[in-house]
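As a plain string of letters, each chain reads:
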Amino acid sequence: MSLAIGQMQINALTDPQGIDSANPAFSWTLDADRRGAAQTAYRIIVASGTERLRQDEGDMWDSGRIDSQRTNGIRYEGKPLASGRPYWWKVTVWDENGNRSDWSDTATWSMGLLSRKEWRGKWIGLKSPHRPTHAEPKPAVYLRGSFTVAKPVRRAMLYGTALGAYELSVNGRRIGADTLTPDWTDYNIRVQYQAYDLTGELAQGENTIAALLGQGWYAGYIGMFGYQKYGQNPRLLVQLNVEYEDGTTASFVSDASWKASFGPLLATDFHMGETYDARLEQPGWERTGFDDSGWNAADIFYEYKGHIVSAICPPVRTMLKLAPQSIVRKEAGRCIVDMGQNMVGRLQLRVRGGAAGDTVVIRHGEALDEAGELYTANLRLSRQIDTFMLAGESEEVLEPHFTLHGFRYAEITGSCADRLEAADIVGVVVFTGLEQAGKLETSSPLLNKLVSNIEWTQRGNFVSVPTDCPQRDERLGWSGDAQVFFRTAAYLMKAEPFFAKWMVDLTDAQRPTGAFTDFAPFIPGGKTEHGGDMTYDHTASAGWGDAGIIVPWEMYRVYGDVGIIERHFDAMARWIDFLAEMHPGHLREDLPQYGDWLSLAEAAGLGDFPNVAQFSTTPYDVFATAYYAYSAGLMAKMAALIGRHDDERRFAELNGAIKEAYNRAYVDAAGRIKGDTQSAYAMALYMDLLPEDKRDAAFARIVELLEARDWHLSTGIHGSRYILDILVRYGRGDIARRLLLTQTYPSWFYSILQGATTIWERWDGWTEEKGFQRPGMNSFNHYALGAVGEWIFRRIGGIDTDDTKPGFRHIRIEPLTGGELTHADCTYRSVVGTIGCSWRSEGERLRMSVRIPAGATATVRVPVRGGQQVWESGVPVEEAAGIRVAGREDGCVLLDAGSGDYEFDVR
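This is a predicted model, so every value here is computed, not measured. (Residues numbered from 1 in each chain as written. Predicted model: local features only at pLDDT ≥ 70, side-chain atom pairs only at ≥ 80, totals over all residues. Heavy atoms only, no water.)

In terms of helices and strands, the chain carries 15 helices and 51 strands. In terms of C-alpha radius of gyration, the chain reaches 28 Å, essentially the compact-globule figure of 29 Å for 907 residues. Summarising its shape, the C-alpha atoms of the chain cover approximately 85 × 70 × 55 Å along the three principal directions. By the burial criterion, 63% of the 907 residues in the chain qualify as buried. Put simply, of all contacts in the chain between residues at least 6 apart along the chain, 74% involve residues at least 24 apart. For the chain, the exposed area adds up to about 32500 Å²; of that, 48% sits on carbon and sulfur atoms. Of the charged side chains in the chain, 94 are positive and 118 negative, and the gap between their average positions amounts to 2 Å. (Helix = DSSP H or I, 4+ residues; strand = E, 2+ residues; numbered from the N terminus. Rg over C-alpha atoms; globule rule 2.2 N^0.38 Å. Buried < 20%, exposed > 50% of the residue type's maximum accessible area, 1.4 Å probe, protein only. Contact = heavy atoms within 4.5 Å. Areas by Shrake-Rupley, 256 points an atom, 1.4 Å probe, with all protein chains shown as cover. Lys, Arg positive; Asp, Glu negative; His and termini not counted. Charge placed at Lys NZ, Arg CZ, Asp CG, Glu CD.)

Once that is clear, we can look at the sheet that holds strand β12 (residues 165–170). Taking strand neighbours across the sheet as the criterion, the 6 strands line up as β13-β12-β15-β10-β20-β23 in an open arrangement whose pairing is antiparallel. Since the sheet does not close on itself, it has two edges, and those belong to β13 (173–175) and β23 (296–297), each with one partner. With 9 bridges connecting them, strand β10 (residues 141–149) and strand β15 (residues 205–214) associate as antiparallel partners. By the bridge assignment for β15, Arg-144 is matched with Ala-210. (Pairing = 2+ DSSP bridges.)

This part takes up the sheet that holds strand β42 (residues 810–813). If you trace the 5 strands from one edge of the open sheet to the other, you get β41-β42-β46-β50-β49, paired in mixed fashion. Two strands lie at the open edges of the sheet, namely β41 (799–801) and β49 (883–889), each paired on one side alone. Taking each pair of neighbouring strands and ignoring which way they run, the sheet shows an average axis angle of 25 degrees. The sheet contact formed by strand β46 (residues 857–863) and strand β50 (residues 892–897) spans 6 bridges and is antiparallel. Directly across from Val-860, in β50, lies its bridge partner Leu-895. (Axes fitted to C-alpha atoms, helices over the stretch in contact; angles between N-to-C directions.)

It is worth spelling out the nonpolar core at this point. Ranked by internal contacts, the top residues of the largest apolar core, which has 229 residues, are Ile-412, Leu-450 and Phe-499. Top contributing element to this core by residue count: helix α8 (residues 620–641), with 14 residues. (Core = buried A, V, L, I, M, F, W, Y, C linked by side-chain atoms within 4.5 Å.)

On to the pattern of salt bridges. This structure, assessed with the given rule, holds 77 salt bridges. The closest approach of N and O atoms between Arg-35 and Glu-872, which form a salt bridge, is 2.7 Å. Of this pair, Arg-35 sits in the loop between β2 (25–31) and β3 (39–47) while Glu-872 is found in strand β47 (residues 870–872), placing the two residues 837 residues apart along the sequence. With relative accessibility at 26%, the residue Arg-35 sits in the partly exposed group. (Salt bridge = Lys/Arg side-chain N within 4 Å of Asp/Glu carboxyl O.)

Below is the structure:
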């Protein structure tokens, strides 16, 4: 059988509409029913019509036969792509024997509006004089415009965006499943537009486009900073381009002919919630024929003076729905609903028998207090309250539009609350629409729950940007959290387009000095509503600003495309140059810093050094200088990848100079590091900061510190990512596994045993001894400590990439077997295809099933004990097809394997 082609994508998206890349990237995966299958060449053809493609005619681009094993990140090199036009493509490949595959299925994409002059519409809305408060945010705006379709339609494309958030309908039918569209960007610099194919949706004659327009991130409450940080009133831009069957064209745009009104959505805010009065509904307002004579002419706003760019990531949308776990009836027509899962989204209620004007109020929280009431102290200034006034119909469905809540529990108050049953309540789970990538199940129910908790935390915080938490008045794209969690995120979801978008946000936020900010999109200057002076804070913090270096590097490792490095290299270089200017002595001693955030006090630490604080017992200068050296070293590697060899040399020299300064200032002759913390040693070893003769001593000190704490961690969000990996590298996988599976405080399992369904912000978010942590900073849905998921997939699941052939082109299968765990089953949908590693211990016997996708190779480490032999599919491994025994190392047999399915048996 020749190779079969699947999962065809453009810019890591399936059949995207309205892209604005001049040279989009093609990718596909391969499948085969034999071992050792590999691609040796490919041919892509791109056509302007399906008929030409069927005839194997690439009138836009015919790559010809290209001798290459690459299946992703292949850039278009054909004729210039035209604005607004659709294109179709297919690919064929040659295998290792020179056999050509069948042509793939046909895939497609369309271009967006590539020039600003092609946007013909006006920004419209309806100004409201209301000044928003927490209790009374601004109202939503209702907009409608009518147009006439004169002739039969061949193709119709609608392009839309908003400074705010919008929902569109055409002739009364909702277009798209997006919510909170467009994604959050720095609106001072850019806004993203969406493209919708309306071919077949338009009627000949009169048609109507309607829009519901909310405040979104643009004019609503944002971060910790209050309202209207970008603008005061939301506005909409819409353009419908129609191509008739006779070849003529027409455009229908948002302009002064549109009508606008306020309506039943009286108040709407992302943080605070919504107020909706169903008595004010105007049935049919989104359809043709509605009498809008009582509506206002839409307000025309000034031209937007930023970039209008195509969306490059799937939108935020409803992804899952949950049923409640229980309903507890309270006094006075009140109930508390337990969704059984800390989730992000909203409740949809079906109420019956309510009178006109009856009010239903939904309050949301992550936990219950000791009295069994809703706990909301940790929300700070975020309200998370939805209020509905009923129309008095026999049955009404209530669900908000432009708000999201982080909650497990909801208190429902109102005349209908005592009649609600489980079937009347739906938890609508909302997050960015990324596909699932990895799955892992083990013999440990608690470990399985930990993986589930990490995944639910990622869902709750991947809402347009990688946020820190989804419930309180913050919800910011903190860069330190994002960089430590990236590899975990990429194991669980196909995260490439999400982080490609966020890297644009981070680069947009970069200061003129070259400093990266601590979160992106960034809100500069001013004060928080908590009184914090933001004018100089939240910029250039070690481990946070370094996300601008680390995320592109890790994206390259996972997805194998240097494009992310090429696009952002200059911005990355500015960051390192800024640090070099700030710190000519190569030590980062600047304050404020966060350090190893939310670490726990150790025997040495708090009070012993001037730059140690309660949130980081690793000294800030030790921590910051380590990241500085690490980032400079990564820059040298990335410069080499894209052929910038002068930069490679200067960053390599800088890396060496920083490491020398680090060792001179912070490391004594015995290998002790200033601060003497678990994280300090783990980071130094992971980041290759120590000379060879001090590494063993540093590792031995990690073990001593762990033993002194009765084998418990004291690490914060950074050290926790690195320490288990270092334990395995130095041959103490038994300790790493013990730390992972520990059930007493502090540990990952401790929170699960307290009922956690997501990852907590702090190790001690709630403890049996002290109850809740202080509410000002105590989220129960915070993914940073969930960065251990990377290690779980790599070491327990056994699947990792190899930097010599990134993007899982060469795979490392290295499961850490044994101990309390008796089996694990892991699959991962990489850019080259689905990888599998399943192992099961049966006494002294070990069975391993391994899947290597076509086009990839692998090094497989099979653990053996003295005298044991390795068999594959019933024959000695030395005789197995597709495998070469490469040697033995650290109690493992090393195997080089081509693609295929393998069954190993160690006995």
